[in-house]
Amino acid sequence: MREILFRAKRIDNGEWVEGYYLKTTLGKDIEPSDVIFVPFKINRSGQWGWIKVLPETLCQFTGMVDKNGRRIWENDIIKHEISDTIGVVKWYQEDYVGWCVDDIVIGEQQFTDEMWNECEVIGNVFGNPELMKGDQSCTDL
């Protein structure tokens, strides 16, 4: 079964958190908050907890892992080991529907399953925007 997971940066400390996304009103809040429910134990019955997140950092899990077994998320920056393609993972919905790589040179391109398996996550657009400025010398990462 496919995992439908999200990650985003926490409002309180900026660290990444993974879990299940929901926009909801919490407690005495009047305005809805963006939250991620995470499976951590807050009592003996193992209830779920929630963490408020920055909505602009919300990323969906693609269901794929890179060549090192690391999860590939929307907005990750990947490098394809054979073609040296460097690009941002994003959702594409035009001639086909699915995940694509927005390459800094070529633009949006669809990857085969084999190509995803030959990729390595080298950063993300939030923590490493300099990787997408056209400098392809990422060997020191």
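Please refer to the structure higher up on the page.
Quick caveat, the model's predicted, so the values are computed rather than measured. (Residues numbered from 1 in each chain as written. Predicted model: local features only at pLDDT ≥ 70, side-chain atom pairs only at ≥ 80, totals over all residues. Heavy atoms only, no water.)

Caption draft 1: Molecular detail of the environment of Val53. For Val53, the location among the structural elements is in the loop between strand 4 (49-52) and strand 5 (59-65). A relative accessible area of 1% places Val53 in the buried class. Once the C-alpha coordinates of Val53 and Val35 are considered, the two residues, 18 residues apart in sequence, prove to be 5.4 Å apart. Leaving out residues up to four positions away in the same chain, Val53 has contacts with Ala8, Lys9, Arg10, Ile11, Val17, Asp34, Val35 and Ile36. (Helix = DSSP H or I, 4+ residues; strand = E, 2+ residues; numbered from the N terminus. Buried < 20%, exposed > 50% of the residue type's maximum accessible area, 1.4 Å probe, protein only. Contact = heavy atoms within 4.5 Å.)

Caption draft 2: Structural detail: the sheet that holds strand 1 (residues 6-9). In space, the 6 strands of this open sheet follow the order 4-3-2-1-5-6, with antiparallel pairing throughout. Because the sheet does not close on itself, it has two edges, and the strands there are strand 4 and strand 6 (71-73). Within this sheet the neighbouring strands show an average axis-to-axis angle of 50 degrees, counted without direction. Direction of pairing for strand 1 relative to strand 5: antiparallel, over a ladder of 2 bridges. Each bridged residue has a counterpart across the sheet, and for Phe6 the counterpart in strand 5 is Gln60. (Pairing = 2+ DSSP bridges. Axes fitted to C-alpha atoms, helices over the stretch in contact; angles between N-to-C directions.)

Caption draft 3: Highlighting the pairing of strand 2 (residues 16-24). Where strand 1 lies against strand 2, 4 bridges are found, and the strand directions are antiparallel. Along strand 2, the bridge assignment pairs Ala8 with Val17. The hairpin turn running from strand 1 into strand 2, its antiparallel successor, is 6 residues long, and Gly14 in that turn takes a positive phi close to 75 degrees. In terms of strand pairing, strand 2 meets strand 3 (residues 33-38) through 5 bridges, oriented antiparallel. Bridge pairing in strand 3 places Leu22 opposite Val35.

Caption draft 4: Spotlight on the packing of aromatic side chains. Enumeration over the complete set of coordinates arrives at 5 aromatic pairs. For the pair Trp16 and Phe126, a centre-to-centre distance of 5.8 Å together with 55 degrees between the ring planes defines the contact as tilted. Taken together, the positions of Trp16 in strand 2 and Phe126 in the segment after strand 11 (119-124) put the pair 110 residues apart, joining distant regions of the chain. Among the residues examined, Trp16 registers a relative accessible area of 30% and is labelled partly exposed. Ring geometry for Phe61 against Trp73: centres 5.3 Å apart, planes inclined by 50 degrees, an arrangement best described as tilted. Of this pair, Phe61 sits in strand 5 while Trp73 sits in strand 6, and the two are 12 residues apart along the sequence. (Phe/Tyr/Trp six-rings, centres within 6.5 Å; stacked < 30°, edge-to-face > 60°.)

Caption draft 5: Geometry of the pattern of salt bridges. With the rule as written, the count across this model stands at 8 salt bridges. Where Arg10 meets Asp12, a salt bridge forms, and the shortest distance between an N and an O atom there is 2.7 Å. On the accessibility criterion, Arg10 (21% relative accessible area) is partly exposed. You can call Asp12 exposed: its relative accessible area is 55%. (Salt bridge = Lys/Arg side-chain N within 4 Å of Asp/Glu carboxyl O.)

None of the figures reported here should be taken as evidence of function without further support.
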